[in-house]
Amino acid sequence: MAAQREWFDKDYYKVLGVPENASQKEITKAYRKLAREHHPDANAGDRAAEERFKEVSAAYDVLGDDAKRKEYDELRRLGPIGGFGAGPGPGPGGVRYDVGGEGFGDLLNNLFGGAGRRRGASGVGPQRGADLEAELTLDFEDAVHGITTTLYLTSDAVCSTCEGSGARPGTTPHTCRVCNGRGVVDDNQGFFSFSSPCTACQGRGVTIDDPCPTCRGSGVERRPREVKVRIPAGVADGQRIALKGRGGPGRNGGPPGDLYVTCHVAPHARFGRAGDDLTVHVPITFAEASLGAKIHVPTLDGTPVTLRLKPGTQSGSRHRVKGHGVRSGKRHGDLIVTVDVTVPTSLSAAERAAIEELARVSGAAPRDRQEV
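Note that the structure is predicted; figures quoted are calculated from it, not measured.

Draft legend 1. Fine view of the packing of helix α2 (residues 24-38) against helix α3 (residues 47-63). Running from amino to carboxyl end, α2 crosses α3 at an angle of 165 degrees, the nearest separation of the two axes being 9 Å. It follows that α2 is roughly antiparallel to α3 by the angle criterion. Considering how the two elements wind past one another, α2 and α3 form a crossing that is left-handed. Contacts between α2 and α3 involve Gln-24, Ile-27, Thr-28, Tyr-31, Leu-34, Ala-35 and His-38 from the former and Ala-49, Arg-52, Phe-53, Val-56, Ser-57, Tyr-60 and Leu-63 from the latter.

Given below as structure tokens:
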């Protein structure tokens, strides 16, 4: 892999706003945040945002790849090497660069896979497609049980007219005569050479005499498309699901990016959720709470279960029904039932008489037994 000339001029860590010892997870997180902020779709007509987006993407192209990042870090550790000699001795500004017993060309070969002195380095190469973001609102039951649905997106996609070649149907691209299909040209700096993208073909390695009328030679068009999405059972509100290879199309034969779907779960009229547990409130009578009872409790799948209440059950008490919650992977939550004792708003004569008799034989009220 050849070092690119712009590596000497760009501090990609500064571009992404991360320290040099940042983890790959931190680098990816920073890139995604900046990419969303400066994406052309969110900043229509803003040239500064477009340039910033390109700068961020170029930084992630290097730092997001372990091999490229290692070479980039090695290059930064060498310092300003534009005026190096072939062996040990002072470099620019009197700084001494001692490469030991091996020649400087050998050192560059070790670092960059033969970038020093060699002109056979590969071109720009395949470029991974952009990651895309989408949002999906789900019914409560669909989120619990899982669902296969369709997302409707408007995004970059492989051109439907030329199938990504960039050439008008019936014609074909030609190998670039400037770079001979490599996608890069070499700039001789004396002791060694640098590779930079070919301006004649924009690094693609091919030129198009008759561009596709739909994509104008880019091989990519912006159009509506449908994406089948399998939402796993137990997805939570706000959860982000990654769909590999369903993002933007790659360039120069590169792989497509990923699609990240943020799920929003609509509330249920009766059930709630706490992690993998479902929650429900069930009203009971005073008699059921006092004497104990077997009551039917609804479940999300529509089949009620029987819950046994002990005598003296208190209003607001919680009871667990095993295995009737949310199935998430190998885990299966429970159903948490909160019982609420209801107080009648109107009484029949018989009910009033019974309650008055209960009041007569009950003795002192519970508050009378509280300490002052």
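From this point, the discussion proceeds with the structure in view.
Draft legend 2. Examining the sheet that holds strand β1 (residues 132-138) more closely. If you walk across this open sheet you meet the three strands as β1-β9-β8, and the pairing is mixed. Both outer strands of the open sheet, β1 and β8 (240-243), are each paired with one neighbouring strand and no more. Put simply, the sheet's adjacent strands are angled 25 degrees from each other on average, direction ignored. As paired strands, β8 and strand β9 (residues 259-265) are joined by four bridges and run antiparallel to one another. Looking across to β9, one finds that Leu-243 is bridged to Leu-259.

Draft legend 3. Broad picture of the pairing of strand β17 (residues 335-341). The buried fraction of β17 is high, at five of seven residues. Examined bridge by bridge, strand β11 (residues 277-284) and β17 share seven bridges and lie parallel to one another. Its bridge partner lying in β17, Ile-284 is registered against Val-341. Pairing geometry for strand β14 (residues 318-321) and β17, over four bridges, is antiparallel. Paired with Val-321 across the two strands is Leu-335, which belongs to β17.

Draft legend 4. Quick look at unusual backbone geometry. The phi dihedral of Glu-163 is positive, around 60 degrees, even though this residue is not glycine. Along the polypeptide, Glu-163 turns up in the loop between β2 (147-158) and β3 (174-175). Its identity as a non-glycine residue notwithstanding, Arg-216 has a phi of 60 degrees, on the positive side. Along the chain, Arg-216 turns up in the loop between β6 (206-207) and β7 (220-231).

Scoring rules and cut-offs
- Residues numbered from 1 in each chain as written.
- Predicted model: local features only at pLDDT ≥ 70, side-chain atom pairs only at ≥ 80, totals over all residues.
- Heavy atoms only, no water.
- Axes fitted to C-alpha atoms, helices over the stretch in contact; angles between N-to-C directions.
- Helix = DSSP H or I, 4+ residues; strand = E, 2+ residues; numbered from the N terminus.
- Parallel < 35°, antiparallel > 145°, perpendicular 65-115°, else oblique.
- Left-handed = near helix turned anticlockwise from the far one by under 90°.
- Contact = heavy atoms within 4.5 Å.
- Pairing = 2+ DSSP bridges.
- Buried < 20%, exposed > 50% of the residue type's maximum accessible area, 1.4 Å probe, protein only.

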